[in-house]
Amino acid sequence: MMRYIARRLLLMVPTLFAIVMIIFVMVNVAPGTPGQALSSGGGERADQSANAREGYRLFKEQYHLDKPVLFNTRFLISTGRVQRELEVLAANMSRPLPGEDVARHVADTVADVLTSLVNAELLAILAEAEREEDEDRRGELLASAGGRTLVEVPSPRAPRPEQRLVFRAENRVEDWGQSIVPQLLEIAHGYLAWVSPEGERRAFVHDDRQAATRATSTPPAPGWRPDPIMTERVRHLAIQRLSVNAQRRLVVRDGERADERRIALNREIRAENQLVRGWVWEPGAPAATQADVLERWDAWYAEHSARYRRTVGRAVRDFFFDTRFAHYMGNLMPIEFRPRLRLRAPDLGTSMRFRRPVTEVIGQHWRYSVLLSVISLILSYLIAVPLGVMAAVRQNGIVWDRGVGILLFVLFSLPSFFAATVVQTYLTAAKGWDIFPVSGFDSGRALEMTTLDHTWDVILHLVLPVACLTYGSLAVLSRYARTGLLDVIRSDYIRTARAKGVPEWMVVMRHAVRNGMIPILTLLGSTLPYLIGGSIIIEYIFVIDGMGQLMLQSIMQRDYNVIMGILLLSSVLTLIGLLLSDISYALADPRIDFD
Amino acid sequence: MASTEQTTWWAIVWRQFTSRWSNRAAVAAIAGLVAAAIYAPVIASNQPFLWVDSDGVQLPWFRSLLFNRNVFDSGIDLFFNLLLVLSPFVAAHGLWFRRALSRRSWWERDGAWARWFVVWLVLVVVVFIAVMSMSPRTALPDWSQLEAAGAGRAWFAPLRVGYNDVLYGVDPGTHRQLLGIDSAGRDVFVRMLYGTRVSLSVGVIAVGIYLSIGIVLGALAGYFGGAVDAGILRAIEIFLCFPALFLILTFISFLEQPSIVWVMVFIGLVGWTGPARLVRGEFLRLRNADFVAAAKAQGLTNTRIIFRHVLPNALGPVLVNATFGVASAVLVESSLSFLGIGDRSLPSWGRILAVGRAMGDDRMMLIAGVAIFVTVSAFNLAGEGIRDALDPRLRK
């Protein structure tokens, strides 16, 4: 038996790993931007300020949302790839940088203003819909906008890239972070854009890092001339990006307690981040200033180039372990390797909404759900088992078997959210008889009440939710009890008991029920996951702040870590439940042997 | 030679099934729901059956069914409209087929209805895909207004509104509203009627998805055993641990455009473990049977043995599972729409219940809840009936 349990527990490890991986990938690959609703900057928006953007970057970095989900191939990113993304961003700039051709932009600006005037009505509707809280009303607003799309007034400039592409480019160079530092430095040094007489563009990155080479380089074809505006923009973007991407992730999270060594390391990283943040030039800065900044970067890079050296070992490590999943899994492991090998509690991460550990957040909510489920579970066994026994004793009887069977079947088919809505409408002050409170776990006045009053208050609040949770499972349970008893009651030892003159009620209660209830008891194990996940809709209707409500709220706000935590918790409970029901089966029936 | 009246196993099960009044009631209820879903446009449509003006006669209603996606946009509606258009032909062909079959001997009749069904199903699906991809969007006049202006004469369905028509400020006299309007100004009765289509199609298609996954995997595991079995069992164990409702909830609300198709797909993806285990068990039982050995001795391929010889004998428990599955898929869909997750423009009973609750409109709330209840209990009842009919111990 022990060997069987040990084997099952060992098998749980790969199963759990697969579950975590599948759920994690599905949650992370699902569309939508992580943390959009939660980060202070409001996520990715074209019009947000630099501060907000930096806040969003730090937010992503802290939760590892800047990493790829399952495999990291960023060691393959070439300079050309970075260059293309920067060019998209440069082409999107509408306002001229100081020192650029102003006349060329006047036409652009006029076109922009005209565009916003032409689309004023549609833009107003969209803005109002954005602000609207009520979902149905928002749907109506959007419907009133119909299938209309924004009309773009053409301007003489090169066509602006699609907004989608701009967002993507911005997020990409941001998320690539440390892995593109050498490429950015190369671009800042040697980027040069050319334009042909027909307006065709082509750009190169010279890799010898000499400003002089750039100045004297030959055009790709006769007649091509350099495009100083594009060149300056891309180089400026590169140096700006570099000053952000070269900053390292802090090793100590805000509000986290750490040992001396890590605090010292953190201080060092902070100081270096502070330093590199300042190594940029203003747009249109003279060549001497630019050369000065680049010189500092070169010195810094020569000192730290070991960090960016590409080796096979590092590539393999990054590929598997520098990903969102690896970081998540690493925190989840109940083993710590550094500074020394020891066991610890699994870390489910931090809730982005509450800014507190997920375990703490779940700890605040689980008791409501568990209380509800446990009461309803006990009640349903207390009601269903006697009903099932009676149905078996009076097999094919009109009242106990047929009548109760039909009643339970009706209850089984009655959707609990419908029943909950109906009783909430007619048995509370909302409408009809004022017997029970409408919603909540208590009246919220625990401090003014005596303990007894408060208990009574809670009981009153729980009657309707518990009733709605309970009635649906009665049919299944009593069916199990009935079948279990019927299987037993035909067996020989019961006949023997009857033959030796044991009274009928004694035969049933003492001899039959004990064996007949084994199947229904083993069912208990599989109800384990319902303790936290069984009452989503009931909690929603009666506004009880349990796990279901927490899950719904977290889904709405994309609080990834909490969602993952709850999904994982229910999976683990299911696994344990399966194990428990198998074990209890063997314990209750000695004939079953797993070994 | 005296004609020997042979009865197949399914015929026995069917006779057993229909011998109980509750099963007949369940079948009648399901048939009624299917009829309501198919013939909804006959009862409520904003397109007139017939339009007569000086230019001649038009048939806007018929054209709207399949040939104008401005009237029926969603695939569900197009599918049921297609059934509506084809239903006379299917019925006529069915009658002819039955007469033709009655003159044949029983072994020619074996499986004939299954083939008939599959042929029609394939035809419907092919035409459906063609309609989905080719149906144009044509601008439409407001026929009621045109008629009021005296431009012509129109013959409408009993209720002349579509399920997304906003009726704010419309004189209730011209539009009969049996159950009033909801908070967005749409006719509740018409939405309930078209909601039948949503519920039934979610139930059937979601179950269809997970049946096809589950049957194939279960058959492979049970038939081949060994490493295949171990691998598939592992996958089953993993999927069994997924908290189904939580997962569906998460993904549907993450989608940017939560179409009802995704609800079907996700219910299908998390539900396949049940039928897979059942089919696996049946295959384990049957794979050493004599008829399988006979088939192997004939040199038939594994595919043929699995799908033509063993599977038909393993379908009983799956059928029970599927019938209960439809009920629970309907329940999941209405729970999701009750929580406000998913496509809000589709008429869904759960959504109507939630809106009725929010508006304090008891009639609306009760009618939606009763509709869900009736559908769920009809399928549950049918499932119980099939289970009892399949059980040889209960056979009379």
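These figures come from a predicted structure and were not determined experimentally.

Caption draft 1: Local environment of the pattern of salt bridges. Evaluation of the coordinates by the stated rule reveals 24 salt bridges over all chains. A salt bridge links Glu237(B) to Arg234(B), with the shortest nitrogen-to-oxygen separation between them at 2.6 Å. One end of the pair, Glu237(B), and the other, Arg234(B), are both in helix H10 (residues 226–240), three residues apart, so they sit about a helical turn from each other. Arg234(B) gets classed as partly exposed once you look at its relative accessible area, which sits at 28%. One salt-bridge network, held together by shared partners, links Asp66(A), Lys67(A) and Asp322(A).

Caption draft 2: Quick look at the confidence of the model for chain A. With 87% of its residues at a pLDDT of 70 or more, chain A shows a mean pLDDT of 82. Under a pLDDT of 50 for its full length, residues 39–47 of chain A has, in the predicted model, 19 contacts with residues more than four places off or in other chains.

Caption draft 3: Quick peek at the sheet that holds strand E1 (residues 191–195) of chain A. Residues and elements named next belong to chain A. With antiparallel pairing, the three strands of this open sheet are ordered in space as E2-E1-E3. Each end of this open sheet is capped by a strand with a single partner; those strands are strand E2 (201–205) and strand E3 (225–226). Relative to E3, E1 runs antiparallel, the two being bridged by two bridges. Each residue of the ladder has a partner; that of Trp194, found in E3, is Pro226. Seen against the sheet, helix H3 (residues 79–92) touches E1 and E2 and runs at an angle of roughly 135° to E2. Together, E1, E2 and E3 form the strand contacts of helix H10 (residues 228–245), whose direction differs from that of E1 by roughly 155°.

Caption draft 4: The confidence of the model for chain B, seen in detail. All names here are of chain B. Across chain B, the average pLDDT comes to 87, with 95% of residues at 70 or higher. Mean pLDDT in chain B bottoms out at helix H6 (residues 106–109), which sits at 69, and peaks at helix H2 (residues 21–38), which reaches 94. The complex prediction reports pTM at 0.82, with the ipTM value standing at 0.89.

Here is what the cut-offs are and how they apply
Within every chain, residues take consecutive numbers counted from 1 along the sequence as written. Think of it this way: whatever chain is written first is A, whatever ligand is written first is 1, and the rest follow in order. Two thresholds apply to this predicted model, a pLDDT of at least 70 for residue-level local features and 80 or more for giving and counting side-chain atom pairs, whereas whole-chain, interface and lining totals are computed over all residues. As a rule here, side-chain values come from all non-hydrogen atoms in the structure, and water together with hydrogens is ignored. The rule for a salt bridge is simple: a side-chain nitrogen of Lys or Arg has to be within 4 Å of a carboxyl oxygen of Asp or Glu. Helix numbers and strand numbers start at the N terminus; a helix is a DSSP run of H or I with at least 4 residues, a strand a run of E with at least 2. The cut-offs for exposure are 20% and 50% of the maximum accessible area for each residue type, with area from a 1.4 Å probe on protein chains only; residues under the lower value are buried, those over the upper are exposed, and the others partly exposed. For every residue, the predictor assigns a confidence score, pLDDT, that lies between 0 and 100. Here, two residues are considered to be in contact whenever any of their heavy atoms come within 4.5 Å of each other. The criterion for strand pairing is that DSSP finds at least two bridges linking the strands in question. Axis angles are defined between N-to-C directions and span 0 to 180 degrees, where every axis is a line fitted to C-alpha atoms and, for a helix, only to the segment in contact.

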